[in-house]
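As a plain string of letters, each chain reads:
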Amino acid sequence: MACPSFPPPAQKITCNNENPFNDEGADIIVRSVTDNVDFRVHKTFLSVASSVFRDMLSLPQSEPQLGSGFSAEFMKDGLHIVTLDEDEETLSTLLRMCYPGWMLMDCGPLFPTIERVLAVFTAATKYAMDGVERAVRAVLVSPRFVEPDPLRVFALAVRHGLYEEARICARYTLRTPVLGKPYKPELECITAGAYHRLQEYHVRCGAAAQRVGQDVRWITNETWVWFECSPCRGNTAVVMAGERRKWVARWWADFLAEASNALRERPSGATVAINSEVVNTAVERASTCATCRSRAFREMHQFCGLFAAEADKATETVEVEFMPKLMVA
Ligand SMILES: [Zn+2]
């Protein structure tokens, strides 16, 4: 496990005076040797957050202890200095996360970029900051990072051995077709095998989600307009519920067939959610019938919430496979 080391020869040092590093009660200085920036912090918070710091801070601080503690030769303003290899941005976030949340109310965003997330995760692991590490892992798969680019975050998570997070990202990748996803440089971080297994996962999810539209046994309410519209009785089609055949308005049978195909390509509830393309098309078709027109918009919006949830439920139990040697024991 890495230990903080002694400071390098004196260079121009600046001080980060942002909250909470401007507190007069700070009792130790952490220095970024990469950027020559000092952070005035409280030992107590570092000790609570990190077993590496706790062990180091418990050592006698009066005598030089190369590679494992402090030296009286390296003091500033009466405070001992401990040097770390991380850059200022990484330390700024890492050290802040050792403090209680209420002390960070006036701080800027802790994680402006995903690169910062990964740098802080690596540092938190290095210094055995278990709580910080868990918090950073949650940030990695927060919607603001995953939704815009799930494949990228998937590759980064796999690369860092974060398989639970990779599984979350894999579910987000289902929102776009398996083929034709834009290239991401981060794909170079994972093996062709890992990417192939992601594609297999997508295909298995596609089959599971498609079945939701092909067999509507899960629909218990038959008072929707497409089941009971009289004018549409001259223009019906069949949908299957197990062995049973149900007669429905043709526009709705067409919708279900198209939705099923769409779910095979994009096996996510979002594919059949309100305002999705396939739903909007169905509502437009329903408007050609005066009876359906008066109810279709409202009822399709209600129905599609159920449909989307059922599609997501169908893919929930499908597992993403990782290479055995990469699997968490
Ligand atoms: Zn109708």
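Residues numbered from 1 in each chain as written. Predicted model: local features only at pLDDT ≥ 70, side-chain atom pairs only at ≥ 80, totals over all residues. Heavy atoms only, no water.

You'll find the protein entered in an unreviewed UniProt entry as BTB domain-containing protein, with Mycena albidolilacea given as the organism.

Here the zinc ion is held by the protein donor atoms Cys-229 (SG), Cys-232 (SG), Cys-289 (SG) and Cys-292 (SG), which lie 2.1 to 2.3 Å from it. Taken together, the four donor atoms coordinating the zinc ion and their angles of 102 to 116° define a geometry best described as tetrahedral. (Donors = N, O, S within 2.8 Å, 3.2 Å for Na, K, Ca; no water. Tetrahedral: all angles 85-135°; square planar, octahedral: opposite > 155°, others 65-115°.)

The subject of this paragraph is the pattern of salt bridges. A side chain with one charge may pair with a side chain of the opposite charge, provided their charged atoms come close. Applying the stated criterion across every chain, the model contains 21 salt bridges. With a closest N to O distance of 3.2 Å, Lys-184 and Asp-149 form a salt bridge. Note that Lys-184 is positioned in the loop between helix H8 (163–173) and helix H9 (192–214) and Asp-149 in the loop between helix H6 (143–146) and helix H7 (150–159), a separation of 35 residues in sequence. As far as the burial class goes, Lys-184 and Asp-149 line up, both buried. Where Arg-167 meets Glu-319, a salt bridge forms, and the shortest distance between an N and an O atom there is 3.2 Å. Of the two residues, Arg-167 is situated in helix H8 and Glu-319 in the segment after helix H13 (290–316); the sequence distance between them amounts to 152 residues. On the accessibility criterion, Arg-167 (22% relative accessible area) is partly exposed. If you follow the salt bridges from partner to partner, you end up with Arg-31, Asp-38 and Lys-76 in one network. (Salt bridge = Lys/Arg side-chain N within 4 Å of Asp/Glu carboxyl O. Helix = DSSP H or I, 4+ residues; strand = E, 2+ residues; numbered from the N terminus. Buried < 20%, exposed > 50% of the residue type's maximum accessible area, 1.4 Å probe, protein only.)

Here the domain parsing of the protein yields domain 1 (14–114) and domain 2 (210–315). Distance between the C-alpha centres of domain 1 and domain 2: 58 Å. (Domains from an automatic or database assignment.)

For the bond from Asn-19 to Pro-20, the omega torsion is 5°, close enough to zero to count as cis. Among the secondary structure elements, Pro-20 is positioned in the loop between strand S1 (14–15) and strand S2 (28–32). Phi is positive for Asp-77, close to 55°, though the residue is something other than glycine. Considering the arrangement of structural elements, one finds Asp-77 in the loop between strand S4 (75–76) and strand S5 (79–84). According to the relative accessible area criterion, Asp-77 is exposed, its value standing at 60%. Non-glycine residue Asn-275 carries a positive phi angle of around 70°. With respect to the secondary-structure elements, Asn-275 resides in the loop between helix H11 (250–265) and helix H12 (277–286). Classification of Asn-275 as exposed rests on a relative accessible area of 57%.

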